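Tertiary structure, described
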Amino acid sequence: MNGIRSWMRKNADVVGIILVMAALLLLFSLLSDSFFTSSNLMRIMLNVSAIGVMALGECLVIVIGGIDLGVSSVFALSGVTAGMLISRAGVGVPEAVLAALAAGGLVGAVNGFLVLKTGLTPFIATFGMLSMIRGLAYALSGGYTISVYKRSFTAIGMYNVGDAVPVPVIIFVALAMVFQITMKKTSYGVRLYATGGNPAAAAYSGIRTGWIKFSAYVVCGVLAGLAGIMSAAKLGMAASTAGMGYEMDVITAVILGGVSFNGGVGSALGVAVGAVVMGIIRNGLLIMNVSAYYQTLIIGLVILLVVSLDAMKEKGLAKLLLTLRRRRRREGSA
Amino acid sequence: MGGYFLEMKSMVKRFPGTLALDQVAFNIRPGETLGLIGENGAGKSTLVNILGGAFSDYEGEILVEGKPARILTPTDARALGIVGIRQELSLFPNLNVARNIFLGNEPRKACGLLLDHDAMAREAGRLLASFGLDISPETPLDRLTVAQKQMVEIVRALSYNAKLIIMDEPTSSLTEKEVDILAGIMADLKARGVAIILITHKLNEILRFCERVFIFRDGRNAGVLEKGEFSRDRFIEGMVGRDLGAAFRRTRREVGEVLLEVENLGDGFLKNISFKVGTGEILGLAGAVGAGRTEIMGALFGLGKISYGRIRLGGKEISPPHPSFAMRAGLALVPEERKAHGVIQGMSVRDNLLLSSLGNAARWGFVRGGAASGIVADAVSALNIRIADQHQAIGSLSGGNQQKAVLAKWLAVKPRVLLLDDPTRGIDVGTKREIYGIIDRLANEGYAIILSSSELAEVLLLSDRVLVLYEGSVKAELDADGLTEEQVLALSHA
């Protein structure tokens, strides 16, 4: 009991979104019999895995006080890179996958360079890259969709481990755990939060904040690339138009996960749950035959609800702390 | 003598932990040029900030032209004709001179819908010419020199009928010739009946410009002198005299061998700085605001670009391009701006304390809970930091405890040289004493310490030797034994 309480205090930022998830699970289970089945829950996880993986990378970038708007283009570029290397150039699957991940990392490195060395704001720099990289994907593929039939490649998206858990779900859950541990338990994690929380103070403490920021952009690029591979493998084809607009879903997951756009606050666990919550809403509404238009509307509503609850919670907390401190001072002087 | 333009009585302003103004009285006549002097932290800025409408929670009575006035916002101040010319100028570099002068107050045409640019340029040209200033109203502001910008700010003040202009260190970035131009403008303002409050640490300027001077000390009045009574000695006598050390005596200790050697160091601002610090020695940096105390520490710690000179630590030459290099060389900095540079408010006490020593607390990149808790617990008990829980946010601690945490963060790295930039800033008196004790103890343990403070008495209290700085250069190097505030002030206030 005590353990739970101390965990909740240390992870206060994710408790809210976990409660939202529980409430949604309960709600849809009551509304429909076909919602809370293992096959449907697994379908939700499979559907959110690519967005979830991208959101983990985005989470790093937003925690260090930046933003990467270009992830959806990297998603397409990496799929196209892997697809062309395998289907057109006859390169082996592992090499092609590595090359696609490297392409993602390279884009991330360019983002980092632009933000750190040219003084462009992250929003503008990555907004430009969003368009540039999409264009690169078009140019590389000539606009054609590339089919990839190699079993060893499609397995990344389709194989079910133990006939039950699809590989993308395993990747997503494993990465969420790795990120959560990295951010909360390693010295890199402490430096990451410090850099986002107060870059000047972090630098004054001897932290190479430039490298920390750079690393976040690179990791974000690699994960966007990985998501692109997962998706291309699942569909058996890569398209330069893939993932158009996904940056919105990614950022939605990050916001739902309680990451502050001021930097320095947020967790991978929260972001992973945020991605799942979005999947639950989409899936639940679909099962209840709500039109896709309303799904988008409702997701917007949930974002505003969760974020304003968060803001109110923070304001309430600040007020509470202030009264407590005043009381303590009064007692101290008395 | 006629009535006062402005009169302030029993002014009180509190900040958390300090009483910035304590029953202060102040007044100024129309057309008078009045000096306001005092050591750093004496209450000068607080007083003029009240006049500028920066605070709404002060006590006391303000009379403007004999009528009670309440100044709660900058708009109130401006409506009364009170305008401040700040050290950091408040103009818009992207707009031209005329637009800057009339900002928020523009002549209009077409029933007030459009700005009348012609009238604006004409009017601005007339105002500038009336001061004999050769500046075109169409020039973009960022093409002007600092001095010209200041002139534009004064002209702007007149454009909304200022009756009292507050100048806070107006000559700090001006050349001799520009000071002469400013002098002309001040005479001109006087002829127009505008009152001027001049805050400066250059006592020569008081002698040159002012008819009367108010001296503040520790947030209280420490005298008013009329022109006939002016002398540098009397100014300094009024400014000194705070007693910090009632319960504290510095330890007499043997200074060890030279550890840090700075030779002929300079950058854009600092000029030919040379000094040495030995193990177990405290070198104090004295000087007015902007004399170069913070800049020296920044240059040593890799925060600025050094253009020439050498730094040697333990005989080895270092030139840190970034604080992380300075840290590895054995330097540690407790910065002046605790909130902006010292702590990360949202993070826990534990993480803040570990920031610089993560290498020691981690194995294979993972922070080891036990080792980390040990480092934190040691720091907390060594410096007597009062916390409820290692995981509480550092922002919830008092300023003094936050400052101790910043120091503890560095001690955990086991540095050899400590740079302490105004380490007791904004800290209550009790904790100040405690920090004095800690600094003294650290010197006894063999750290080489460079200490700067906005309070001169503090530097004299703790240091073995004192370096007096003036506008980026070393004015004097003095033994702290028997050194008085008067002697130092006479050097640091030209």
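Preceding block: the structure.
What counts and what doesn't
Residues numbered from 1 in each chain as written. Chains lettered and ligands numbered in written order. Predicted model: local features only at pLDDT ≥ 70, side-chain atom pairs only at ≥ 80, totals over all residues. Heavy atoms only, no water. Helix = DSSP H or I, 4+ residues; strand = E, 2+ residues; numbered from the N terminus. Rg over C-alpha atoms; globule rule 2.2 N^0.38 Å. Buried < 20%, exposed > 50% of the residue type's maximum accessible area, 1.4 Å probe, protein only. Contact = heavy atoms within 4.5 Å. Areas by Shrake-Rupley, 256 points an atom, 1.4 Å probe, with all protein chains shown as cover. 1 Å grid on protein atoms, 1.4 Å probe; cavity = no way out; pocket = protein on both sides within 12 Å on 5 of 7 lines; lining within 4 Å. Points joined across faces, edges and corners; volume = space filled by probe spheres on them. Arc of directions from axis to C-beta. Core = buried A, V, L, I, M, F, W, Y, C linked by side-chain atoms within 4.5 Å. Domains from an automatic or database assignment. Salt bridge = Lys/Arg side-chain N within 4 Å of Asp/Glu carboxyl O. Phe/Tyr/Trp six-rings, centres within 6.5 Å; stacked < 30°, edge-to-face > 60°. Lys NZ or Arg CZ within 6 Å of the ring centre and 35° of its normal. Buried area = accessible area lost by both parts, 1.4 Å probe. Polar contact = N/O pair within 3.5 Å; in protein donor to acceptor, adjacent residues only side chain to side chain. Nonpolar A, V, L, I, M, F, W, Y, C, P; charged D, E, K, R; others polar.

1. Some words on the overall build of chain A
Counting its regular elements, chain A contains 14 helices and 4 strands. For a compact globule of 334 residues, the expected C-alpha radius of gyration is about 20 Å, and chain A comes in at 21 Å, within 12% of that figure. In terms of overall dimensions, chain A has a C-alpha envelope of 80 × 55 × 35 Å along the principal axes. Counting the 334 residues in chain A, one finds 49% classified as buried. Sequence-distant contacts, at least 24 apart, represent 78% of the contacts inside chain A between residues at least 6 apart. Accessible surface for chain A amounts to roughly 16,000 Å². Of this, 69% is attributable to carbon and sulfur atoms.

2. Focus on empty space enclosed by the protein
If you walk through the whole model with that rule in mind, you get 1 cavity of 30 Å³ or more. Empty space within the largest cavity amounts to approximately 60 Å³.

3. Details of helix α7 (residues 151-158) of chain A
Residues and elements named next belong to chain A. For α7, the full list of buried residues reads F153, T154, I156 and G157. Projected down its long axis, α7 shows its buried positions confined to an angular sector of 135°, all on one face. Here the buried face of α7 lies against α3 (38-63), α4 (71-87), α5 (93-117), α8 (167-185) and α11 (209-235).

4. What to know about the nonpolar core
One finds F153(A), L260(B) and F275(B) to be the most contacted residues of the largest nonpolar core, which totals 163 residues. Looking at this core, you find at least three residues from each of domain 1 (37-289) and domain 2 (296-334) of chain A. Apart from the residues within four sequence positions on either side, L260(B) is in contact with F275(B), K276(B), V277(B), L300(B), I311(B), R312(B), L313(B), V417(B) and I450(B). I206(B), I236(B), V240(B) and L489(B) belong to the second largest nonpolar core, which has 61 residues in total.

5. So, unusual backbone geometry
All names here are of chain B. Positive phi, normally seen in glycine, also occurs at N384, with a value near 55°. Relative to the assigned elements, N384 resides in the loop between α14 (369-382) and α15 (399-411). Residue classification places N384 among the partly exposed positions, given a relative accessible area of 38%.

6. Considerations on the layout of surface pockets
Residues and elements named next belong to chain A. Taken as a whole, the second largest pocket encloses approximately 650 Å³ of empty space. Considering the residues around the second largest pocket, the lining is formed by 35 residues, among which N47, V48, I51, K234 and Y246 are closest to the centre. Residue assignment for the lining of the second largest pocket shows that the elements contributing at least two residues are α3, α4, α11, β4 (237-238), α12 (246-256) and α13 (268-287). The element that contributes the greatest number of residues to the lining of the second largest pocket is α3, accounting for 9 residues.

7. Quick word on the pattern of salt bridges
Residues and elements named next belong to chain B. A full pass over the atoms with the stated rule returns 25 salt bridges over all chains. In this structure, R126 engages E123 in a salt bridge whose closest nitrogen and oxygen atoms are separated by 2.7 Å. Of the two residues, R126 and E123 both sit in helix α4 (residues 117-130), 3 residues apart, roughly one turn of that helix. The salt bridge involving R312 is made with E263; its shortest N-O contact spans 2.8 Å.

8. What to know about the packing of aromatic side chains
All names here are of chain B. This model, assessed by the stated rule, comprises 7 aromatic pairs over all chains. Taken together, a centroid distance of 5.6 Å and an interplanar angle of 85° make the contact between F301 and W410 edge-to-face. Residue F301 is found in the loop between α9 (293-300) and β16 (308-313), and its partner W410 is found in helix α15; the two are separated by 109 residues along the sequence. Under the relative-accessibility criterion, F301 is labelled buried at 0%. Stacked on the ring of F55, the Lys or Arg K13 has its end atom at 4.7 Å from the ring centre. Taking NZ or CZ as reference, R328 lies 5.4 Å from the ring centre of F325, over its face.

9. Brief notes about the interface of chain B and chain A
Between chain B and chain A, the residue contacts involve 31 residues of the former and 23 residues of the latter. Carbon and sulfur atoms supply 63% of the area buried between chain B and chain A, which totals about 2,000 Å² over both sides. Among the residues of chain B in contact with chain A, H341(B), I344(B) and L358(B) are the three that bury the most area, contributing 24% of the side total. Here chain B is connected to chain A by 0 salt bridges. In this structure, the connection of chain B to chain A is made through 9 residue pairs in polar contact (both at pLDDT 80 or more). At the level of elements, α10 (323-329), α11 (338-342), α13 (358-361), β20 (366-367) and α15 of chain B are the ones that each hand at least two residues to the side of chain B that touches chain A. Class assignment for the residues of the side of chain B that touches chain A results in 17 nonpolar, 10 polar and 4 charged.

10. A word on the environment of L305(A)
Residue and element names in this part refer to chain A. By the secondary structure assignment, L305 is in helix α14 (residues 292-333). Classification of L305 as exposed rests on a relative accessible area of 55%. In the structure, L305 is positioned 49 residues away from L256 in sequence and 9.6 Å away in space, judged by C-alpha atoms.

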